[in-house]
Amino acid sequence: MNVSDDFLLAGVMGWPVSQSRSPAMHNYWMKEHGLTGSYVRLAISPDGLQDALRALPSLQFAGCNLTIPHKRAAMKIVDEVDDIARKIGAISCVIVRRDGSLAGTNNDHYGFIENILDLEPNWRADAGPIVVIGAGGGARAVIYGLVHRGAREIRLINRTQARAEALVQEFGGPITVLPWEDRHDALEGAAMLVNTTSQGMIGQLPLFLELDKLPVEALVTDIVYIPRETPLLEAARARGNRTVNGLGMLLHQGRPAWKAWFGIEPTVTPELRAMIEATL
Ligand SMILES: NC(=O)c1ccc[n+]([C@@H]2O[C@H](COP(=O)([O-])OP(=O)(O)OC[C@H]3O[C@@H](n4cnc5c(N)ncnc54)[C@H](OP(=O)(O)O)[C@@H]3O)[C@@H](O)[C@H]2O)c1
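Note that the coordinates shown come from a computational prediction; the quantities given were computed from them, not determined experimentally. (Residues numbered from 1 in each chain as written. Predicted model: local features only at pLDDT ≥ 70, side-chain atom pairs only at ≥ 80, totals over all residues. Heavy atoms only, no water.)

Trainee: Where do I start with the nonpolar core in this structure?
Mentor: Generally speaking, nonpolar side chains in soluble globular proteins are found buried as a group. Within the largest apolar cluster, 30 residues are counted, with the highest numbers of intra-cluster contacts made by Phe112, Trp123, Leu146, Leu156 and Met192. Only α4 (108-119), β7 (130-133), α5 (137-148), β8 (154-157), α6 (161-171), β9 (175-178) and β10 (192-195) provide two or more residues apiece to this core. A per-element tally of this core places α5 first, with 5 residues. Judged by nonpolar contacts, the second largest core, of 23 residues, contains Cys93, Leu251, Ala257 and Trp258. (Core = buried A, V, L, I, M, F, W, Y, C linked by side-chain atoms within 4.5 Å. Buried < 20%, exposed > 50% of the residue type's maximum accessible area, 1.4 Å probe, protein only. Helix = DSSP H or I, 4+ residues; strand = E, 2+ residues; numbered from the N terminus.)

Trainee: Hey, could you run me through the side chain of Gln253 in this one?
Mentor: Within the secondary structure layout, Gln253 lies in helix α8 (residues 247-262). Since its relative accessible area comes to 5%, Gln253 is described here as buried. Apart from the residues lying within four places of it in its own chain, the contact partners of Gln253 are Met25, Asn65, Asn107, Asp108 and Gly111. (Contact = heavy atoms within 4.5 Å.)

Trainee: How do you make sense of the site of the ligand when you look at a structure like this?
Mentor: Taken together, 21 residues surround the ligand, and among them Gly138, Asn158, Thr160, Arg163 and Ile223 come closest. A distance of 2.7 Å separates an oxygen atom of the ligand from a polar backbone atom of Gly138. Thr160 places a polar side-chain atom, nitrogen or oxygen, 2.5 Å from an oxygen atom of the ligand. Relative to its unbound accessible area of 920 Å², the ligand is 77% covered by the protein chains. (Near = heavy atom within 4 Å. Polar contact = N/O pair within 3.5 Å; in protein donor to acceptor, adjacent residues only side chain to side chain. Areas by Shrake-Rupley, 256 points an atom, 1.4 Å probe, with all protein chains shown as cover.)

Trainee: Help me understand the packing of α4 against α8, please; the structure alone is not making it clear to me.
Mentor: Helix packing geometry: the angle between the two helix axes and the distance between the axes. Contact pair α4 / α8: the axes reach a minimum separation of 7 Å and the direction vectors enclose 120°. Considering how the two elements wind past one another, α4 and α8 form a crossing that is right-handed. Here α4 contributes Asp108, Tyr110, Gly111, Phe112, Glu114, Asn115 and Asp118 to the contact with α8, which in turn contributes Gly248, Met249, His252, Gln253, Arg255 and Pro256. Here the residues of the contact of α4 with α8 are counted per class, giving 4 nonpolar, 5 polar and 4 charged. (Axes fitted to C-alpha atoms, helices over the stretch in contact; angles between N-to-C directions. Left-handed = near helix turned anticlockwise from the far one by under 90°. Nonpolar A, V, L, I, M, F, W, Y, C, P; charged D, E, K, R; others polar.)

Trainee: Looking at this model, I keep getting lost on the pattern of salt bridges. Mind explaining?
Mentor: For side chains bearing opposite charge, pairing can occur when the charged atoms are close. Tallied over the full model, the rule gives 14 salt bridges. Across the salt bridge formed by Arg273 and Asp118, the nearest N and O atoms sit 3.1 Å from each other. Here Arg273 is found in helix α9 (residues 270-277), whereas its partner Asp118 is found in helix α4, with 155 residues between them in sequence. For Arg273, a relative accessible area of 10% puts it in the buried group. Classification of Asp118 by relative accessible area gives partly exposed; the value is 34%. Among the charged side chains, a salt-bridge network with shared partners connects Glu114, Arg255 and Glu265. (Salt bridge = Lys/Arg side-chain N within 4 Å of Asp/Glu carboxyl O.)

Trainee: Sorry, what's going on with a positive patch on the surface here?
Mentor: Together, Arg72, Lys76, Arg159 and Arg163 make up a positively charged patch on the protein surface. With respect to the secondary-structure elements, Arg163 resides in helix α6. (Patch = residues over 30% accessible without salt bridge, like charges linked within 9 Å, V, L, I, M, F, W, Y side chains within 5 Å. Lys, Arg positive; Asp, Glu negative; His and termini not counted. Charge placed at Lys NZ, Arg CZ, Asp CG, Glu CD.)

Okay, structure coming up:
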């Protein structure tokens, strides 16, 4: 542990940050492990990010998570960015090191994979073609995770095709970009479908995707978690597909953060999942 044992501190920096479910989760773990400390929301504007991050060591923070809009900007501020965060192109977690320097990593890929394995223990990334819709920051973490779990074929489809092509240029690997208009047909023979767009999120239109060609054996997952069941997941479940919602991605990415901050690896229990789900 690289921080004061007296009162453990960590938090999430975002702008806005009031919507974040992270405090409820981390403070649950604090209580569960009998620790004295707090995980707090930090409303930090983009202009204030550098000063806020640099203040963490003197405030005795073990580190922090980053959410919209700070994940990319923080890469230029911290002292060291690990290979995973560099590849994903974003930092989700900052660790204050013993000497007061700041290390940046990204645990979203881990959260994505662990959430699936938690709810579908027999899932394998190499079971068949995987269709990924979207090519933003979330997609980069998802694709990083899938490739590292041995995915053999990823069909990547994004409204802005050039963004998907740029992602493939950087990542390489078994990824084929398909045009947005072909997304319905691209589901044929797929073993898994992942929505990483913001479509289906509260306040947004549902993702328009015809599921007719998707095998009923395919697993369907959405990284959007508000609402807990997006229209896509609801439609997939109604036609007999197994579904996994996005909340567990958020929950599981917290585990390696705790390991790095406090030397403890907490668990995602059904009780924790239900508690956070009740707030959605
Ligand atoms: N569960 C978790 O832990 C977790 C983690 C990260 C993100 N998320 C969620 O994932 C979602 C995406 O986040 P992000 O960070 O990847 O955002 P982002 O980097 O801004 O990317 C947004 C993605 O959505 C697509 N999109 C936006 N509006 C669209 C529309 N009208 N039609 C079709 N596609 C559209 C974008 O396509 P273009 O490139 O064409 O604009 C892009 O692929 C958010 O809801 C976020 O809350 C969840």
